[in-house]
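Examination of the molecular architecture
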Amino acid sequence: MQKDFIYLDNAATTKTAPQVVEAMLPYFTESYGNPSSIYAAGASAKEAVDRARELIASTLGAKANEIYFTGGGSEGDNWVLKATVEAYASKGKHIITSAIEHHAILHTCQYLEKKGYEVTYVGVDEKGIIKLDELEKAIRPDTILISVMFANNEIGTIQPIREIGAMAKAHGVLFHTDAVQAYAHMPIDVNAMNIDMLSASGHKFNGPKGIGFLYIRTGIKIRSLLHGGHQERGRRAGTENVTGIVGIAKAAELAVERLEEREKKEKELTDYLINRISQEVPHCRLNGDREKRLSNNVNFSFQFIEGESLLIMLDMKGICASSGSACTSGSLDPSHVLLAIGLPHEIAHGSLRLTVSEENTLEEMERTVDAVKEIVAKLRSMSPLYEDFVRANG
């Protein structure tokens, strides 16, 4: 990877912080015991896991025994949907989610529909905010679970989680939120927000890949997704990923300590991007709510171009960006999120997502905007559709 590249795809993954790597190293070569063992080397590893669980819990206002370590956000989402509906099948077989969820939720819901469960996909407005009236109307006596993401991974829109949690509680329905993009990027209190279950992933906030956690409120019935040993209090089999657990806890600690400062820095950078692109690139549209969005997220659609061509040409200039979710790269279909907010296919195809970190600089933002302007103009100069548009509009 070239040394002077500009990395603007932090929603896809983040760089593991040096302090996180340093915290993890001893558990590869020194304290490498199995935490389920009874001897001292195992006890040392178990203590590290226990400390990590307590730290993660403290960032959410949760209890340590409500945190279960997973392999990442997708596992947590699968676990919630598959195991919760099985545990509560006697009450009903109806699930509610939103039309703009991550595919870890959507594809699992589609799997459950084939198993006889019924899923209602609630719509969103043009800014990507779930329609609360539609959500409440969707709740039925046989509804067992509502799952709505905390913040969208493509357009950055933050959902009214507190209101959804209160609505679910009032109707006696369990509420899960996929907080993969939001956790450690904004304050979350599971009790104040009436969240029953929450999934998160370490590599989204400068932790290692392959480690995440699932918060499950005390008293919630949920079956195991993985069967085998008695790890994670009998709910998630498999030898604990001690190094990853230590890493995700250290990353969470660092992220929460610097949360306000980091948000402020990221917002300065994204405000710059949004303001300049909006003013200097014609026929573009900011996707998502201007204010109720993650501080590090910018998502634009440009008419008369293909987003894939824009990404390739940005990459040639050393700028790493995306057109949406990293999990859908390679798909020829336009983003389901952009279609859900009402964009036509031809405009949704011309999307660009830029997600910053506090390590990015204003000079990098300047270079990025200049590159976007140049590339969009070049692509449009080769577009018959743009030529026809210019001719028709004088």
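Up top is the structure.
Presented here is an overview of the structure given in this document. Computed from a predicted model, the values in this text were never measured in an experiment. Residue numbers restart at each chain and count upward from 1, following the sequence in its written direction. Confidence filtering applies because this is a predicted model: local features only for residues at pLDDT of at least 70, side-chain atom pairs given and counted only at 80 or more, and all residues used for totals across whole chains, interfaces and linings. Derived side-chain values reflect all non-hydrogen atoms in the structure, with water molecules and hydrogen atoms excluded from consideration.

As a further point, take the overall build of the protein chain. The helix count covers DSSP runs of H or I at least four residues long, the strand count covers runs of E at least two residues long, and both are numbered beginning at the N terminus. In terms of regular secondary structure, the protein chain is built from 14 helices and twelve strands. In this setup the radius of gyration rests on C-alpha atoms only. A globule is expected at 2.2 Å times the number of residues raised to 0.38. Computed over C-alpha atoms, the radius of gyration of the protein chain comes to 22 Å, within 12% of the 21 Å expected from 2.2 N^0.38 for 394 residues, which places it in the range of a compact globule. Considering only C-alpha atoms, the protein chain reaches an extent of 75 × 50 × 35 Å along its principal axes. Burial statistics for the protein chain: of 394 residues in total, 55% are counted as buried. Partly exposed residues are those whose accessible area sits between 20% and 50% of the maximum for their type, while under 20% is buried and over 50% is exposed, using a 1.4 Å probe and protein chains only.

With that out of the way, let us pick up the pairing of strand β10 (residues 297–302). Of all six residues in β10, six are buried; the element is thus mostly enclosed. Strand pairing is assigned whenever DSSP identifies at least 2 bridges connecting the two strands. Sheet topology places strand β9 (residues 284–286) next to β10; three bridges connect them, and they run antiparallel. Bridge pairing in β10 places leucine 286 opposite phenylalanine 300. Bridging between β10 and strand β12 (residues 351–355) involves five bridges; their strand directions are antiparallel. The residue bridging serine 301 from the neighbouring strand is serine 351, located in β12.

Let us look at the pairing of strand β4 (residues 118–122). Bridge count between strand β3 (residues 94–98) and β4: five bridges; the pairing is parallel. Within β4, the position partnered with serine 98 by the bridge is valine 122. The handedness of the β3 to β4 crossover, carried by helix α5 (residues 103–114), is right-handed. Handedness of a crossover is defined as follows: orient the strands so they point away from the viewer, and if the path from the first strand over the helix to the second runs clockwise, the crossover is right-handed.

Here we come to the sheet that holds β9. Spatially, three strands are ordered β9-β10-β12 in an open sheet, and the strand pairing comes out antiparallel. What marks the edges here is a single partner per strand, and that holds for β9 and β12. Within this sheet the neighbouring strands show an average axis-to-axis angle of 25°, counted without direction. Geometry is summarised by axes, namely lines fitted to C-alpha atoms with helices restricted to the contacting stretch, and by angles between N-to-C directions that run from 0 to 180 degrees.

Bringing the side chain of serine 357 into the picture now. Structurally, serine 357 is set in the loop between β12 and α13 (362–381). Serine 357 sits in the buried class, given a relative accessible area of 18%. Note on definitions: a residue-residue contact is assigned when non-hydrogen atoms from the two residues lie within 4.5 Å. When near neighbours in sequence (up to four residues on either side) are disregarded, serine 357 contacts Asn10, Glu266 and Leu269.

Take the pattern of salt bridges next. Salt bridges are identified by distance alone: a Lys or Arg side-chain nitrogen within 4 Å of an Asp or Glu carboxyl oxygen. All chains considered together, the criterion is met by 20 salt bridges. In this structure, arginine 223 engages glutamate 86 in a salt bridge whose closest nitrogen and oxygen atoms are separated by 3.2 Å. Within this pair, whereas arginine 223 is found in the loop between β8 (212–216) and α8 (242–257), its partner glutamate 86 is found in helix α4 (residues 73–87), the two being separated by 137 residues in sequence. Accessibility expressed as a relative area gives 39% for arginine 223, which makes it partly exposed. Residue glutamate 86 is classed as partly exposed on the basis of its relative accessible area, which comes to 43%. A cluster of three or more residues bridged by salt bridges with shared partners is formed by Arg276, Glu280, Asp370 and Lys373.

Attention shifts here to the environment of valine 85. By the secondary structure assignment, valine 85 is in helix α4. Among all residues touching valine 85, those that are not within four sequence positions of it are Val80, Ile95, Leu112, Tyr117 and Ile144.

The next point concerns α5. When the terminal C-alpha atoms of α5 are compared, their 16 Å separation across twelve residues agrees well with the 16 Å that a helix rising 1.5 Å per residue should span. Residues Ala104, Ile105, Leu106, Thr108, Cys109 and Leu112 constitute the buried set of α5. Those residues of α5 hidden inside the fold are in contact with α4, β3, β4, β5 (143–147), β6 (174–178) and α11 (336–340). With its phi angle positive at about 105°, glycine 116 sits one or two positions after the end of α5. Here, expected helix span is obtained from the residue count minus one, scaled by 1.5 Å.

What follows is about the packing of α4 against α5. One way to put it is that α4 packs onto α5 with a least axis distance of 9 Å and a crossing angle of 30°. Considering the angle they form, α4 stands roughly parallel to α5. You can see that α4 and α5 cross each other, and the crossing is right-handed. Contacts between α4 and α5 involve Ser74, Asp77, Asn78, Leu81, Lys82 and Val85 from the first element and Ala104, Ile105, Thr108, Cys109, Tyr111 and Leu112 from the second. Partitioned by chemical class, the residues of the contact of α4 with α5 number seven nonpolar, three polar and two charged. Geometric relationships in this document are graded by angle, where less than 35 degrees denotes roughly parallel, more than 145 denotes roughly antiparallel, 65 to 115 denotes roughly perpendicular, and other angles denote oblique. Two helices cross in a left-handed way if the nearer one is turned anticlockwise from the farther one by less than a right angle. They cross in a right-handed way if the turn is clockwise. Residues are sorted three ways: Asp, Glu, Lys and Arg are charged, Ala, Val, Leu, Ile, Met, Phe, Trp, Tyr, Cys and Pro are nonpolar, and all the rest, Gly among them, are polar.

Between helix α10 (residues 307–316) and α13, whose axes approach to 10 Å, the crossing angle comes to 130°. The angle between the axes of α10 and α13 places the two elements in the oblique class. For the pair α10 and α13, the sense of crossing is right-handed. Along the contact surface, α10 presents Ser309, Leu310, Met313 and Leu314, while α13 presents Ala371, Val372, Ile375, Val376, Lys378 and Leu379. Here the contact of α10 with α13 is composed, by residue class, of eight nonpolar, one polar and one charged.

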